[in-house]
Amino acid sequence: TMVLPGTGIELEKVDLRGAHLAGLDLSRFCFAGSNLDGATLSGCDLSHVTLDGATLKGADLTGATLTGVDLAGVDLTGVIGLEQARSSQPASAE
């Protein structure tokens, strides 16, 4: 079957260590308790994903969209590109 973008696929407690997922629309996916250590998530749409209890040690988030993502409690040790990841923070008016 085809997976449609943004349909809320549940991938709880899945081992995705080292997975190459660059550029994919993973919005609304549930990765609760999953292991994404070393995964390449650069350029991914990760809007509104669930990461409760997930680990992303050494994952590459360069250019990923993190709108509505709660990273509290997520192991981000050694994550690459977190500073360049995009969220929907409103631009300040000057």
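Check the entry above for the structure.
Here goes a summary of the coordinates provided. (Residues numbered from 1 in each chain as written. Predicted model: local features only at pLDDT ≥ 70, side-chain atom pairs only at ≥ 80, totals over all residues. Heavy atoms only, no water.)

Re the overall build of the chain
- Per the secondary structure count, the chain includes zero helices and zero strands.
- Considering the chain as a whole, with its 94 residues, one finds that 38% of them fall into the buried category.
- When contacts within the chain are restricted to residue pairs at least 6 apart in sequence, those whose partners lie at least 24 apart make up 1%.
- When the accessible surface of the chain is summed, it comes to about 5400 Å², and 53% of that surface belongs to carbon and sulfur atoms. (Helix = DSSP H or I, 4+ residues; strand = E, 2+ residues; numbered from the N terminus. Buried < 20%, exposed > 50% of the residue type's maximum accessible area, 1.4 Å probe, protein only. Contact = heavy atoms within 4.5 Å. Areas by Shrake-Rupley, 256 points an atom, 1.4 Å probe, with all protein chains shown as cover.)

Section: unusual backbone geometry
- Although it is not a glycine, Arg28 sits at a positive phi angle of roughly 70°.
- Phi is positive for His48, which is not a glycine, with a value near 60°.
- Classification of His48 by relative accessible area gives partly exposed; the value is 37%.

Quick word on the pattern of salt bridges
- Summed over all chains, the structure comprises two salt bridges.
- The closest approach of N and O atoms between Arg17 and Asp15, which form a salt bridge, is 2.4 Å.
- The partner of Asp75 in a salt bridge is Lys57, and the shortest N-O contact between them spans 3.9 Å. (Salt bridge = Lys/Arg side-chain N within 4 Å of Asp/Glu carboxyl O.)

A few points about the environment of Thr77
- The class for Thr77 is exposed, based on a relative accessible area of 52%.
- Separated by 40 residues in sequence, Thr77 and Asp37 have C-alpha atoms that sit 9.3 Å apart.
- A distance of 2.5 Å separates a polar atom in the side chain of Thr77 from a polar atom in the side chain of Asp75. (Polar contact = N/O pair within 3.5 Å; in protein donor to acceptor, adjacent residues only side chain to side chain.)

Points about the environment of Leu26
- The class for Leu26 is buried, based on a relative accessible area of 7%.
- In sequence terms Leu26 and Cys44 are 18 residues apart; their C-alpha atoms lie 6.8 Å from each other.
- In this view, Leu26 contacts Leu21, Phe31, Leu41, Cys44, Asp45, Leu46 and Val49; residues no more than four positions away in its chain are not counted.

Shape is all these values report; function is a separate question.
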